[in-house]
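The chain contents come next:
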Amino acid sequence: MKRFAPLALLLLAAACSEAPRPADQTSAAETAAPEAATARVALALDQEGLRAVNVENGSTVLVAFDQPEAQTVALVSRALGDEPAETGVNSDCGAGPLNFASWDDGLTLWSHEGRFVGWAVNREGPTTMGGIGVGSSRALIDESLVAEFSHGSMGKQFKSGNLHGVLHDGRVAHMWAGVSCNFG
């Protein structure tokens, strides 16, 4: 959340690149248009997608899973101030081939058939609104989430709703939500 960008540029890019959609399919980013012209935006991880956070007033807009892939990648790029370091297709995922866009801060977006379907993070950087991210302690998870813990192929794992993670030495080492491509 250290880097910010106006959401207005995203809205302009989306308006130029997408065919019109019925009103009930308007994206979360487009819904934010009234305040987007002046808002500085940061990102927060969410079990339902990502949250675009207006850093001036704290209001948030959910960028939910199933949003258009290109629009979501553009929002993240603008919020982080950089294009993805790597993009491609991972054909070895359990869910089938998934497109990915990864940034240097460890955030990866997963997409399928042109729709944003999940995210993963493996470095300290983006967090949930409650501050849970890579490097967070088990104690913070216990304070902030109602989580189930188990031991799986990737080690000590936690789950809270659609939010998942792996702990190493009592700290979050990897987190994801939605459809992801993790190997143990």
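The present account deals with the structure reproduced in this document.

Reading guide: rules and limits
Residues numbered from 1 in each chain as written. Predicted model: local features only at pLDDT ≥ 70, side-chain atom pairs only at ≥ 80, totals over all residues. Heavy atoms only, no water. Disulfide = S-S within 2.5 Å. Helix = DSSP H or I, 4+ residues; strand = E, 2+ residues; numbered from the N terminus. Buried < 20%, exposed > 50% of the residue type's maximum accessible area, 1.4 Å probe, protein only. Pairing = 2+ DSSP bridges. Axes fitted to C-alpha atoms, helices over the stretch in contact; angles between N-to-C directions. Phe/Tyr/Trp six-rings, centres within 6.5 Å; stacked < 30°, edge-to-face > 60°. Lys NZ or Arg CZ within 6 Å of the ring centre and 35° of its normal.

The next thing to look at is the state of the cysteines. According to the stated counting rule, one finds 1 disulfide in the structure shown. Note that C93 is cross-linked by a disulfide to C181, the S-S spacing being 2.0 Å. With the S-S dihedral at roughly -105 degrees, the linkage between C93 and C181 falls on the left-handed side. Taken as a pair, C93 in the loop between β5 (86-90) and β6 (98-102) and C181 in the segment after β12 (171-178) lie far apart in primary sequence, 88 residues in all. An identical accessibility class is assigned to C93 and C181; each is buried.

The next point concerns the sheet that holds strand β10 (residues 155-160). As summarised here, the arrangement of the 8 strands in space is β5-β6-β7-β8-β12-β11-β10-β9, forming an open sheet in which the pairing is antiparallel. Pairing within the sheet leaves two strands with one partner each, and these edge strands are β5 and β9 (148-152). Strand-to-strand, the axes of this sheet are offset by a mean angle of 20 degrees, without reference to chain direction. Sheet topology places β10 next to strand β11 (residues 163-168); 5 bridges connect them, and they run antiparallel.

In this section: the packing of aromatic side chains. This model, assessed by the stated rule, comprises 3 aromatic pairs. A centroid spacing of 6.2 Å and a plane angle of 45 degrees characterise the contact between F149 and F158, whose relative ring orientation is tilted. The class for F158 is buried, based on a relative accessible area of 3%. Against the face of F149 rests R138, its NZ or CZ located 3.4 Å from the ring centre.

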